[in-house]
Amino acid sequence: MPHDADDRRALFQRVVDDIVDQIRTGKLTPGDVLPTARRMADTYGVASMTAQRALRELQHRGLTYAVVGKGTFVHPQAPERIGTDADGHPIAATTQTPVISDNPALNRRLALYLLERDRISGKIVDAFTRKDTAAAWQATEELATLQQTHTDLADDLAAYEANLGRAAGSGAPEHAEPPAPKKARRNPKA
């Protein structure tokens, strides 16, 4: 796919835009592996460094994540982050997931957790479809274990969001007072 001489966008941006379009249309789906920089350079007719820059930009936008020795993968939340659902239909802006662009390690941890959660959820659906109650219970327990072992991820995400809100000048106080406990209602029948 050689580049158009009349296109004024930077070469790496053309590659990024094409991959974003593939995610938007569903040609690339969450968990799909992207080609290597060398293969991408051949496909798009650009230098290897240009392809590497495109891959870095996609990761910076939170649309992909890299696993050392495995490759670069489409992030589980990539369709939401570009404003489409898995079928390529536009979604409301309020349902989009924020990108953790300034913390790639946290972004990768979240992506890996979501991929594993989705894999286990698929096992649950398959088990229910086969009416295999034992397999459904086993997969449900596997999901519960996954959630339990990743409580630190939830804490780290909450801390990230809290710091993000403060950094954005939300005006939230440093130490907000917890809400007052609600008074227990008396049961008139007791």
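Keep in mind that this is a model prediction, so the values were computed, not measured.

The rules we used
Residues numbered from 1 in each chain as written. Predicted model: local features only at pLDDT ≥ 70, side-chain atom pairs only at ≥ 80, totals over all residues. Heavy atoms only, no water. Phe/Tyr/Trp six-rings, centres within 6.5 Å; stacked < 30°, edge-to-face > 60°. Buried < 20%, exposed > 50% of the residue type's maximum accessible area, 1.4 Å probe, protein only. Lys NZ or Arg CZ within 6 Å of the ring centre and 35° of its normal. Axes fitted to C-alpha atoms, helices over the stretch in contact; angles between N-to-C directions. Helix = DSSP H or I, 4+ residues; strand = E, 2+ residues; numbered from the N terminus. Parallel < 35°, antiparallel > 145°, perpendicular 65-115°, else oblique. Left-handed = near helix turned anticlockwise from the far one by under 90°. Contact = heavy atoms within 4.5 Å. Expected span 1.5 Å × (residues − 1).

1. As for the packing of aromatic side chains
For any two aromatic rings, the description comes down to two numbers: the centre-to-centre distance and the angle of the planes. Per the counting criterion, the structure on display carries one aromatic pair. Relative to Phe73, the ring of Tyr65 has its centre 5.7 Å away and its plane inclined at 25°; by these criteria the two rings are stacked. When its relative accessible area of 3% is taken as the criterion, Tyr65 is described as buried. Among the residues examined, Phe73 registers a relative accessible area of 16% and is labelled buried. A cation over an aromatic ring shows up here: Arg53 above the ring of Phe12, its NZ or CZ 3.7 Å from the ring centre.

2. Notes on the packing of helix H1 (residues 11–25) against helix H3 (residues 48–60)
Look at H1 against H3: their axes get within 8 Å of each other, and the N-to-C directions meet at 50°. Viewed along their axes, H1 and H3 adopt a mutual orientation that is oblique. Crossing of H1 over H3 shows right-handed handedness. Packed against H1, whose contacting residues are Leu11, Phe12, Val15, Val16, Ile19 and Val20, the element H3 presents Thr50, Arg53, Ala54, Glu57 and Leu58 at the interface.

3. Things to note about helix H5 (residues 104–129)
Because an α-helix packs 3.6 residues into every turn, residues spaced three or four apart end up facing the same way. Helix length check: H5 (26 residues) gives 37 Å between terminal C-alpha atoms against 38 Å at 1.5 Å per residue, within 8%. Buried within H5 we find Leu106, Asn107, Leu110, Ala111, Tyr113, Leu114, Ile120, Ile124 and Ala127. Phi for Lys131, located one or two positions after H5, is positive at around 60°.

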